[in-house]
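# Overview (structure and organization)
Below are the chains, spelled out letter by letter.
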Amino acid sequence: MKFALINGQKKVPSPRMEGLCPCCEAKVISKCGDIKLWHWAHYSKRDCDIWWENETQWHRDWKGVFPTDWQEVIHRADDGEKHIADVKTQHGCVLEFQHSFISNEERSSRNSFYPNLVWVVDGLRRKRDKDQFFNALNSGAKLIDSPLLIKISTDESKLVQEWGSGNTSVFFDFGEEQRLWWLLPLKNDSWSYVVPFSRQEFLKFNLGKMTISFDTFLKNCISDFASFFQQKEKVQRVVPIPCLLYTSPSPRD
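My aim in this report is to walk through the structure given alongside it, one point at a time. Keep in mind it's a predicted model, so treat the numbers as computed, not measured.

### Side note on the overall build of the protein chain
Across its full length, the protein chain carries 6 helices and 14 strands. Evaluated residue by residue, the protein chain yields a buried proportion of 48% over its 253 residues. Across the protein chain, every contact between residues at least 6 apart in sequence was considered, and the portion connecting residues at least 24 apart equals 54%. Accessible surface computed for the protein chain: about 13,300 Å², of which carbon and sulfur atoms make up 47%.

Right, here's the structure in full:
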């Protein structure tokens, strides 16, 4: 964990400190070594949040963009179940930053547990994921120029295979400065659909700097794309969407 409670306040770890776990309220101790990221750990192995995982610098960099109060927020369901959300914005959107492998069962459980959940997935964890994804893009079919919508073969990218089965939006982060890649929660047995998305605008939405919430914006976009598919991929109306990157002679440019 990045934060523990000390006198009721969220604190980052420093050497030789103790605090309380925000989730289970057990005592935790700071771990401030030279190899792993400084973090808080429970004194003894115990059940806390079964979804929690060790963090990488990639996690910390993403979470650090947001206000402290939005990071590692305890989300409670009506039945009392609770988990630690990586980030929960002022509009109630939950952002989960996923680096390590996650099973379909756990992903489905999180999708059901968190309302307005958006995944950001580290596309650089495995060596071949980035090349597979962009190869799939380059051999895919461009359906719309503005915003750029690409149909790709699901079988050509293991990353897309793993994340394409859910009903929530997934954004792949390949370390590109300007963009993420949005995997739409719309697919069939053979095809998936991806859209380049401005990294800057992604942050603006989730930092509350846009006129509508991110969740509302995504739902509107998905509705427009779904209508497009229902028209047998014939464009009848294209609505400019400023935060989507429009055209590119090659998806990898």
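### Brief notes about helix H2 (residues 104–113)
Each α-helix winds once per 3.6 residues, and so residues spaced three or four apart point in a common direction. Taken residue by residue, H2 has Arg107, Arg110, Asn111 and Phe113 as its buried positions. Among the structural elements, strand S6 (71–76), strand S7 (82–88), strand S8 (94–98), strand S9 (117–122) and helix H4 (158–163) are those in contact with the buried residues of H2.

### Description of the sheet that holds strand S13 (residues 179–187)
As a general point, the strands of a sheet are linked pairwise by backbone hydrogen bonds and lie either parallel or antiparallel. Pairing is mixed in the open sheet, where 9 strands are placed in the order S6-S7-S8-S9-S12-S13-S14-S11-S10. Each edge of the open sheet is held by one strand with a lone partner, namely S6 and strand S10 (141–144). Taken over all neighbouring pairs, the strand axes of this sheet differ in orientation by 40° on average, direction set aside. For S6 and S7, the ladder comprises 5 bridges, and the chain directions are antiparallel. By the bridge assignment, His75 is partnered in S7 with His83.

### Details of unusual backbone geometry
For the bond from Ser146 to Pro147, the omega torsion is 0°, close enough to zero to count as cis. The residue Pro147 is located in the loop between S10 and strand S11 (149–153) in this model. Here Glu72, not a glycine, exhibits a phi torsion of approximately 50°, which is positive. Within the element layout of this structure, Glu72 appears in strand S6.

### Some points on the pairing of strand S4 (residues 27–31)
Along S4, the buried face is formed by Val28 and Ser30; none of Lys27, Ile29 and Lys31, which line the opposite face, is buried. Note: strand S3 (residues 18–20) against S4, 3 bridges, orientation antiparallel. Bridge pairing links Gly19 to Val28 in S4.

### So, the pattern of salt bridges
Tallying each qualifying case throughout the model produces 12 salt bridges. Note that Glu176 and Arg179 form a salt bridge whose closest N and O atoms lie 3.0 Å from each other. A relative accessible area of 16% means that Glu176 is categorised as buried. Taking the relative accessible area as the measure of exposure, Arg179 reaches 8% and is therefore buried.

Rules and cut-offs
Residues numbered from 1 in each chain as written. Predicted model: local features only at pLDDT ≥ 70, side-chain atom pairs only at ≥ 80, totals over all residues. Heavy atoms only, no water. Helix = DSSP H or I, 4+ residues; strand = E, 2+ residues; numbered from the N terminus. Buried < 20%, exposed > 50% of the residue type's maximum accessible area, 1.4 Å probe, protein only. Contact = heavy atoms within 4.5 Å. Areas by Shrake-Rupley, 256 points an atom, 1.4 Å probe, with all protein chains shown as cover. Pairing = 2+ DSSP bridges. Axes fitted to C-alpha atoms, helices over the stretch in contact; angles between N-to-C directions. Salt bridge = Lys/Arg side-chain N within 4 Å of Asp/Glu carboxyl O.

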